[in-house]
Amino acid sequence: VPLAIAVHGGAGPAPAPEREEALRAGVGAAARAGHAVLLAGGGALAAVETAVVALEDDPHFNAGRGSALSADGTVAMDAAIADGAGGAAGAVAAVRDIRNPVRAASALLADGRALLLAGDGASRFAEEQGLERRPPAWFVTDEARARLERTRAPAPAAPGTVGAVALDGAGRIAAATSTGGRPAKPPGRIGDSPLLGAGTWAAAETAAVSCTGDGEPIIRAALAHEVDALMRHAGLPLAVAAERALAGLARHGGTGGLIAIDAAGALALPFTTGAMSRAWIGPDGTALAAVGQEPATRAP
Ligand code: ASP
């Protein structure tokens, strides 16, 4: 079985040139971190968690520290992880003090008492699991504060939500997504990322998918599940299903992007925004990265 991994660092308008290199480096490093897990014999689930943790810890991305701020200047993060093998999933929403929300999602997947925990209950669960916590102010960077100042009204997607999909040596696929959400979102708003079938999905017989872009249209389109549905019901190959699902997002008034993988290691990384930072490593082991429409090059 070929090993493969893809990561994204969010769809949105093309970033300023001075940010581009940091985004390329970030997604490249995350893809390598996840790939190292696969090379060591680890599972797809562990690989996507590791890749997403790397991006949550990188303040250039809208997940973990550096998350986009709600209209009231606070952070509320969403994350999900899904296992194609068996279909188990875990997710957290509107969490404020868990250093790596994807780790809490993963712990919940393993725990199995619930699929999605929000707010304080998710924090207590993270505490119980011995996960690292941080005070809410720790997540707020100067850059995120400056961005909120510029963005008075709730804004469309900003580049920076993160996600990963992977195929391991046992032929299992998995997906994970993590985000601070839409910049200047109303307090209490939960996006597509932690919702199974909307922003995150994995099923062994079809695909593992992580989405980014306008959250509300993605939820209404059930975008990640739409890739699955087009593969199962219309018999489309992964790349065609991914393109068509994303084209359907426009009917719901949204733009965005997604990354998807199937059990044969086929990858698709389409987007309808100006840019989607992304990196991937296929069976030949070469790490490729790109931010906008330019051809991908070796990841830094
Ligand atoms: N989809 C994310 C959300 O709406 C934002 C993004 O991908 O930029 O929460």
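Scroll up for the structure.
This structure is a prediction, so every number in the text was calculated from the model and none was measured.

Draft legend 1. Summary view of the pattern of salt bridges. In this structure the tally under the stated criterion is 16 salt bridges. The residue D142 makes a salt bridge to R145 at a minimum N-O spacing of 3.4 Å. With D142 and R145 both in helix α5 (residues 142-150) and three residues apart, this pair spans about one turn of that helix. The exposed category is assigned to D142, whose relative accessible area is 61%. The class of R145 is partly exposed, set by a relative accessible area of 43%. Between R189 and E216 there is a salt bridge; the shortest N-O distance is 2.7 Å. With a gap of 27 residues between them, R189 in the loop between β6 (173-179) and β7 (200-202) and E216 in helix α6 (residues 215-221) connect regions that are remote in the sequence. Look at R189 and you get buried, because its relative accessible area is 11%. E216 gets classed as partly exposed once you look at its relative accessible area, which sits at 28%.

Draft legend 2. Structural context of the sheet that holds β7. Across the sheet, four strands lie side by side as β7-β8-β9-β10; this open sheet has antiparallel pairing. Looking at the sheet topology across the chains shown, the edges are occupied by β7 and β10 (267-268). As paired elements, strand β8 (residues 208-213) and strand β9 (residues 256-261) share six bridges and run antiparallel to each other. By the bridge assignment for β9, G213 is matched with G256. Helix-sheet contacts for helix α8 (residues 238-251) involve β9 and β10, and the interaxial angle to β9 is about 160°.

Draft legend 3. Up close: the packing of helix α7 (residues 223-234) against α8. Running from N to C, α7 and α8 cross one another at 135°; their axes reach a closest spacing of 8 Å. Our classification of the angle between α7 and α8 gives oblique. Viewed along their axes, α7 and α8 form a crossing whose handedness is right-handed. Residues L223, E226, V227, L230 and M231 of α7 touch α8, and the partners they reach there are L238, A241, A242, R244, A245, L246 and L249. Taken together, the residues of the contact of α7 with α8 sort by class into ten nonpolar, no polar and two charged.

Definitions and cut-offs
- Residues numbered from 1 in each chain as written.
- Predicted model: local features only at pLDDT ≥ 70, side-chain atom pairs only at ≥ 80, totals over all residues.
- Heavy atoms only, no water.
- Salt bridge = Lys/Arg side-chain N within 4 Å of Asp/Glu carboxyl O.
- Helix = DSSP H or I, 4+ residues; strand = E, 2+ residues; numbered from the N terminus.
- Buried < 20%, exposed > 50% of the residue type's maximum accessible area, 1.4 Å probe, protein only.
- Pairing = 2+ DSSP bridges.
- Contact = heavy atoms within 4.5 Å.
- Axes fitted to C-alpha atoms, helices over the stretch in contact; angles between N-to-C directions.
- Parallel < 35°, antiparallel > 145°, perpendicular 65-115°, else oblique.
- Left-handed = near helix turned anticlockwise from the far one by under 90°.
- Nonpolar A, V, L, I, M, F, W, Y, C, P; charged D, E, K, R; others polar.

No statement about biological role is implied by the geometric values presented.
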